[in-house]
Amino acid sequence: MIEVKNVTKLYAGKAVVDGLSFSIGKGETLVILGTSGSGKTTMLKMINRLIEPSSGQILINGVDNSNVKLEELRRQIGYVIQSIGLFPHYTIEQNIGLIPTLLGWEKDKIQKRVLELIKLLGLDPEMMPRKPENLSGGQQQRVGIARALAADPPIVLLDEPFGALDPITRHQIQLEFKNLEAILNTTMVLVTHDVVEAITLGDRICLMDEGRIQQIGTAKELIFRPANDFVKHFFNANSLQLALSVLSKKDITPYLPEVASGISSDDNTMVLSLMEEHEDMSEHILHAFYQASRNMKK
Amino acid sequence: MQAIRDFIGFIGENSAELLEQTLEHLWLTLIALMIATAIGLSLGILITRVRGLSSSVIGFVNAVQTIPSIALLGFMIPLLGIGEVPAIVALFLYALLPIVRNTFAGIEEVEPGIKEAARGMGLSNRQLLLKVELPLALPVIFAGIRTAFVINVGVATLCALIAAGGLGEFIFRGLTTNNTYMILAGAIPAALMALVFDFILGKIQQHILSLIKPLAVGLGVIIVGFSSFYLFQNNQKPAFTGGFPSEFIYRGDGYQGLKAHYDLQLETVELEIGLMYQALKNEKVDVISGFSTDGRIETFNLRVLEDDKQYFPPYHATALVSGQTLEKYPELREVFARLGDRISDKKMAQLNNRVDKDKLSPKKAAEEFLANEGFKTDAVKEGEADIIIGSKNFTENYILAQMFKILIENYTSLTVETKLGFGGTKLVFDALDNGEIDLYPEYTGTGLLVLLNASEEERKSIQYDKLSVLNYVKKEIRDRHGMEWMPPLGFNNTFALMMREEQAEELNIKTISDLSEYLKNQ
């Protein structure tokens, strides 16, 4: 779907993005993770050409994105940013319906689509005629996401989308977002510096530092088989919590003793939930988890 | 109470003219504002797109704002002549700064996140501007337009000085003819106009987003209406025009009397004294009322028309001194006695030319002249002033004031301060009457007709010669105001009509009667 080929971006002679290559499959969610200054946002913005690369190519469905007319390119790529950027002089309905309007959809169709998205994102249809200033931060970000999805774009780019929200709202929206049906088949690139967010939302994680990819792979791969010291240190700080949030029943089953083999939960249940569901077995589960973590690092 | 009744009476008598001036004023202001809005908005948008230009464009409009309005109007005359066009251009230039600056700032201040989201979603530059930046910057832009309007209402009063009309006509005429009601009749509507429009525009600003469409349509209609009115107006330009300062047009010894005396059939426009000669030289007008000792008569090669039916009274210059000051410093009498009859018409004209043509400062010119005449000029006085000298705002008055200062400081122990350039006879005379200044250079003819406001009968009872007029004003000013006329300096700087030498030669006009004949035969 998206293919990044040897892309470099120089600012004043210094490479902010340094010869990056990777590809993202259709329907996949790739999280670009890194500290500030790692080049992750620059990389993201080169996909919809808010920033033009100094060299290299970005192919979308096999077509070089620099050959597509700028407005056309951007209208098929949803874009969500941390500051949301809702138009304060537009109503919620106008904000969400903006791209369909620019694309020349019919009024009825736009109205229907807006209502559909409002419901999908758990918003109240009564807020449609209101202005963004009357909404809470969480509601505004939901509208921001709805706006990005309005024309059903095949690709959505998200730049620290939940960064400005308080931790509880953030966590809730993250979970809602992960399970959003409307984006099941959407290819997504999400930039964040939040490790937990990366693990929660990403099919794969691309960890960047100083303009280069340090490691690209699933959360498990990055946590348990770090490619270098940087990756190791990056996840080390709270590795136990991270391990808990990436390992599921399937991963620890081989290490469970006979007595616990009868646990009836689903294979994909996370270790923490597993312990809650089977309090009597928690000691065995914890033991198996410890074994599994140790062996995964080998 | 009586004063208020008088004022209301004055307004009633002059209501037609007042209405006309108010409309003229509003028209000048609005048309300039519209042009400034169109161009200022475009410039403001341009410099948000082409960043390299922003500092030079903002620098330019800032610089324009610092030019004193009367100087800007002066620059306009050689380029655009007199009347409404240069006035509108000047107003336009003044309105530019707030509009350009606020457009630029308004667009710049749109939250970067909103612009990024808009671009990221695929809005073209045009859509970004029209759908996002301009609507969001509108309240700030509108505030700029509002500021520009208030500035323009103020500056437009000055447009009366270059014959563009407006409420300034009443204000300046009132200032020069010692008529407070007239000043107020111009100043109050101008102030009200600024306040009322500021209020209305403020209300519009609060609801700017919903009002912008009807407003744009309304403005469009007004522009079309005004432009056709303007084109219609411009078609009726007379072939031969007189340009006179408002003081001359409305004072008793000025144009009204002259017109009757010689039966002149002349189209006239009001012009500021300092700009009048330039307007004549640049063929914007064909005859002006100058002063017979003006240095520019020679410089600009002008012909002074002879007052063959003796209309103008003599105007012998000297110091008009407050009685109290003379009592305190009687030595002043001696100083002015030294200067009595020492300056001829020719010498004064040359002296004026040293300033107007040779660009000497009035102070230097006065020093040079007094030194040549054998006076002491080198005293340096410091410390608190004993005497304050005022002057009106034209060259000769400046030079005389400086001359008085030098003489008093050299021939007495007194220290002198100057407060020069009062914008009219009324202002400087009031200052003397209130004790804000101690003396200023004045002319006997002006004393007769403006300060004493001599009636038709009184004037007829006096012979128009040097001594009769001097004796009359000496006695009357002492009786009525407790002021003293010093001995005349010698020259007679009377009002005189003047034309360009070539044109006067071509039309064979030597006297005012010739001019009257020529105009009748046209």
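Because the structure is predicted, anything quoted here is derived from the model rather than measured.

The helix and strand inventory of chain B stands at 25 helices and 10 strands. Sorting the 522 residues of chain B into buried and exposed places 53% on the buried side. Counting contacts in chain B only where the partners sit at least 6 residues apart, residues at least 24 apart contribute 79% of the total. Counting every atom, chain B has about 22800 Å² of accessible surface; 56% of that belongs to carbon and sulfur.

Across its full length, chain A carries 14 helices and 10 strands. Counting the 298 residues in chain A, one finds 52% classified as buried. Looking at chain A alone, contacts between residues at least 24 apart form 64% of all its contacts between residues at least 6 apart. As presented, chain A carries roughly 14200 Å² of accessible surface, and 48% of it is formed by carbon and sulfur atoms.

We now examine the sheet that holds strand β2 (residues 267–270) of chain B. Residue and element names in this part refer to chain B. The strand order across the open sheet built from 5 strands is β2-β1-β3-β10-β4, with neighbouring strands paired in mixed fashion. In this open sheet, the two edge strands, each paired with only one partner strand, are β2 and β4 (302–304). Across this sheet, the average inter-strand angle for adjacent strands is 35°, counted without regard to direction.

This part covers unusual backbone geometry. Residue and element names in this part refer to chain A. One non-glycine residue, Ala12, lies in the positive phi region at around 50°. Looking at where Ala12 falls in the secondary structure, it is placed in the loop between β1 (2–11) and β2 (14–24). With relative accessibility at 88%, the residue Ala12 sits in the exposed group. Despite not being glycine, Glu160 shows a phi value in the positive range, around 45°. Position of Glu160 among the secondary structure elements: in the loop between β7 (155–159) and α7 (167–178). In this structure Glu160 comes out as buried when scored by relative accessible area, which is 10%.

With that settled, the discussion passes to the packing of aromatic side chains. Residues and elements named next belong to chain B. All told, the structure shown has 20 aromatic pairs over all chains when counted by the stated rule. Judged by centre distance (6.0 Å) and plane angle (40°), the ring pair of Phe7 and Tyr181 falls under tilted. Residue Phe7 is found in helix α1 (residues 2–13), and its partner Tyr181 is found in helix α9 (residues 180–206); the two are separated by 174 residues along the sequence. One aromatic cluster in this structure is built from Phe244, Phe248, Tyr255, Phe291, Tyr311, Phe312, Tyr315, Phe394, Tyr443 and Phe495.

Another point: helix α20 (residues 425–433) of chain B. Those residues of α20 of chain B that fall on the buried side of the exposure criterion are Thr425, Lys426, Val428, Phe429, Ala431 and Leu432 of chain B. Looking at the residues trailing α20 of chain B, positive phi occurs at Gly435 of chain B, about 80°.

A word on the packing of helix α21 (residues 444–451) of chain B against helix α23 (residues 466–481) of chain B. All names here are of chain B. Packing of α21 against α23 brings their axes to within 9 Å, and their N-to-C directions diverge by 50°. When the axis of α21 is compared with that of α23, the two are oblique. In the crossing of α21 with α23, the sense of the turn from one axis to the other is left-handed. Residue-level inspection shows Thr444, Gly445, Gly447, Leu448 and Leu451 of α21 in contact with α23, the latter providing Val469, Leu470, Tyr472, Val473, Ile477 and His481. When grouped by side-chain class, the residues that make up the contact of α21 with α23 number 7 nonpolar, 4 polar and no charged.

Moving on: the pattern of salt bridges. On inspection of all chains with the given rule, the structure shows 31 salt bridges over all chains. Across the pair Glu116 of chain A and Arg113 of chain A runs a salt bridge whose closest N-O atoms are separated by 3.3 Å. Of the two residues, Glu116 of chain A and Arg113 of chain A are both situated in helix α5 (residues 107–120); the distance of 3 residues between them amounts to about one turn of the helix. Between Lys392 of chain B and Glu442 of chain B there is a salt bridge whose closest N-O contact spans 2.9 Å. Taken together, the positions of Lys392 of chain B in strand β6 (residues 387–392) and Glu442 of chain B in strand β8 (residues 439–443) put the pair 50 residues apart, joining distant regions of the chain. Each of Arg49, Lys115 and Glu133 of chain B takes part in salt bridges that share partners, so that together they form one network.

The subject of this paragraph is the interface of chain B and chain A. Counting residues at the interface gives 17 residues for chain B and 21 residues for chain A. Around 1600 Å² of area is buried between chain B and chain A when both sides are counted, 67% of it from carbon and sulfur atoms. Lys45 of chain A is paired through a salt bridge with Glu116 of chain B; the nearest N and O atoms lie 3.4 Å apart. Inspection of the region where chain B meets chain A yields 6 residue pairs in polar contact (both at pLDDT 80 or more).

This paragraph deals with a nonpolar patch on the surface. A contiguous nonpolar surface patch, about 640 Å² in accessible area, is contributed by Leu184, Ile188, Leu192, Leu195, Val196, Phe199 and Ile200 of chain B. Along the chain, the position of Ile200 of chain B falls in helix α9.

What follows is about the sheet that holds strand β4 (residues 55–60) of chain A. All names here are of chain A. Strand order in this open sheet of 4 strands is β2-β1-β4-β5, and the pairing throughout is antiparallel. Looking at the sheet topology across the chains shown, the edges are occupied by β2 and β5 (63–64). With 2 bridges connecting them, β4 and β5 associate as antiparallel partners. Its bridge partner lying in β5, Ile60 is registered against Val63. Along the sheet face, helix α1 (residues 40–47) touches β1, β2 and β4 and points at about 60° away from the line of β2.

The subject of this paragraph is the packing of helix α7 (residues 125–156) of chain B against α9 of chain B. Residue and element names in this part refer to chain B. Where α7 meets α9, the axes come as close as 9 Å, and the angle between the chain directions of the two elements is 175°. One element, α7, and the other, α9, form an angle in the roughly antiparallel class. For the pair α7 and α9, the contacting residues are Pro139, Phe142, Ala143, Arg146, Phe149, Val150 and Val153 in the first and Ala190, Met193, Ala194, Phe197, Asp198, Leu201, Gly202, Ile204 and Gln205 in the second. Tallied by class, the residues present in the contact of α7 with α9 amount to 12 nonpolar, 2 polar and 2 charged.

With that settled, the discussion passes to helix α18 (residues 362–372) of chain B. Residue and element names in this part refer to chain B. The set of residues buried in α18 consists of Ala365, Ala366, Phe369 and Leu370. Looking down the long axis of α18, one finds its buried residues gathered within 125° of arc, a one-sided arrangement. Within α18, the exposed residues directed more than 90 degrees away from the buried face are Lys364 and Asn372. Downstream of α18 by a residue or two, Gly374 has a phi angle that is positive, lying close to 90°.

Once that is clear, we can look at the pairing of β6 of chain B. All names here are of chain B. The buried count for β6 comes to 6 of 6 residues, which makes it a mostly enclosed element. With burial as the criterion, each face of β6 is covered, one bearing Ile387, Ile389 and Ser391 and the other bearing Ile388, Gly390 and Lys392. Taken together, the 5 bridges between β6 and strand β7 (residues 416–422) define a ladder with parallel strand orientation. Residue pairing in the sheet places Ile388 in a bridge with Glu417 of β7. Regarding topology, helix α19 (residues 395–411) serves as the crossover connection from β6 to the parallel β7, and that connection is right-handed.

Now for a negative patch on the surface. Residues and elements named next belong to chain A. A cluster of acidic residues, Glu276, Glu277, Glu279 and Asp280, forms a negative patch at the surface. The topology assignment puts Glu279 in the loop between α13 (271–277) and α14 (282–296). The exposure class of Glu279 is exposed, given its relative accessible area of 65%.

One rule of thumb: low pLDDT means the predicted coordinates there are not for detailed reading. Overall, the predicted model of chain B reaches an average pLDDT of 87, with 96% of residues at or above 70. Scoring of the predicted complex yields 0.70 for pTM and 0.82 for ipTM.

Another aspect to go through is the environment of Asp386 of chain B. All names here are of chain B. Mapping Asp386 onto the fold places it in the loop between α18 and β6. On the accessibility criterion, Asp386 (30% relative accessible area) is partly exposed. Distance from Asp386 to Leu414, taken between C-alpha atoms, is 5.9 Å for residues 28 residues apart in sequence. Among all residues touching Asp386, those that are not within four sequence positions of it are Tyr329, Ser413, Leu414, Thr415 and Asp438.

Definitions and limits used
Residues numbered from 1 in each chain as written. Chains lettered and ligands numbered in written order. Predicted model: local features only at pLDDT ≥ 70, side-chain atom pairs only at ≥ 80, totals over all residues. Heavy atoms only, no water. Helix = DSSP H or I, 4+ residues; strand = E, 2+ residues; numbered from the N terminus. Buried < 20%, exposed > 50% of the residue type's maximum accessible area, 1.4 Å probe, protein only. Contact = heavy atoms within 4.5 Å. Areas by Shrake-Rupley, 256 points an atom, 1.4 Å probe, with all protein chains shown as cover. Pairing = 2+ DSSP bridges. Axes fitted to C-alpha atoms, helices over the stretch in contact; angles between N-to-C directions. Phe/Tyr/Trp six-rings, centres within 6.5 Å; stacked < 30°, edge-to-face > 60°. Parallel < 35°, antiparallel > 145°, perpendicular 65-115°, else oblique. Left-handed = near helix turned anticlockwise from the far one by under 90°. Nonpolar A, V, L, I, M, F, W, Y, C, P; charged D, E, K, R; others polar. Salt bridge = Lys/Arg side-chain N within 4 Å of Asp/Glu carboxyl O. Buried area = accessible area lost by both parts, 1.4 Å probe. Polar contact = N/O pair within 3.5 Å; in protein donor to acceptor, adjacent residues only side chain to side chain. Patch = residues over 30% accessible without salt bridge, like charges linked within 9 Å, V, L, I, M, F, W, Y side chains within 5 Å. Arc of directions from axis to C-beta. Right-handed = clockwise from strand over helix to strand, strands pointing away. Lys, Arg positive; Asp, Glu negative; His and termini not counted. Charge placed at Lys NZ, Arg CZ, Asp CG, Glu CD. pLDDT = per-residue confidence, 0-100.

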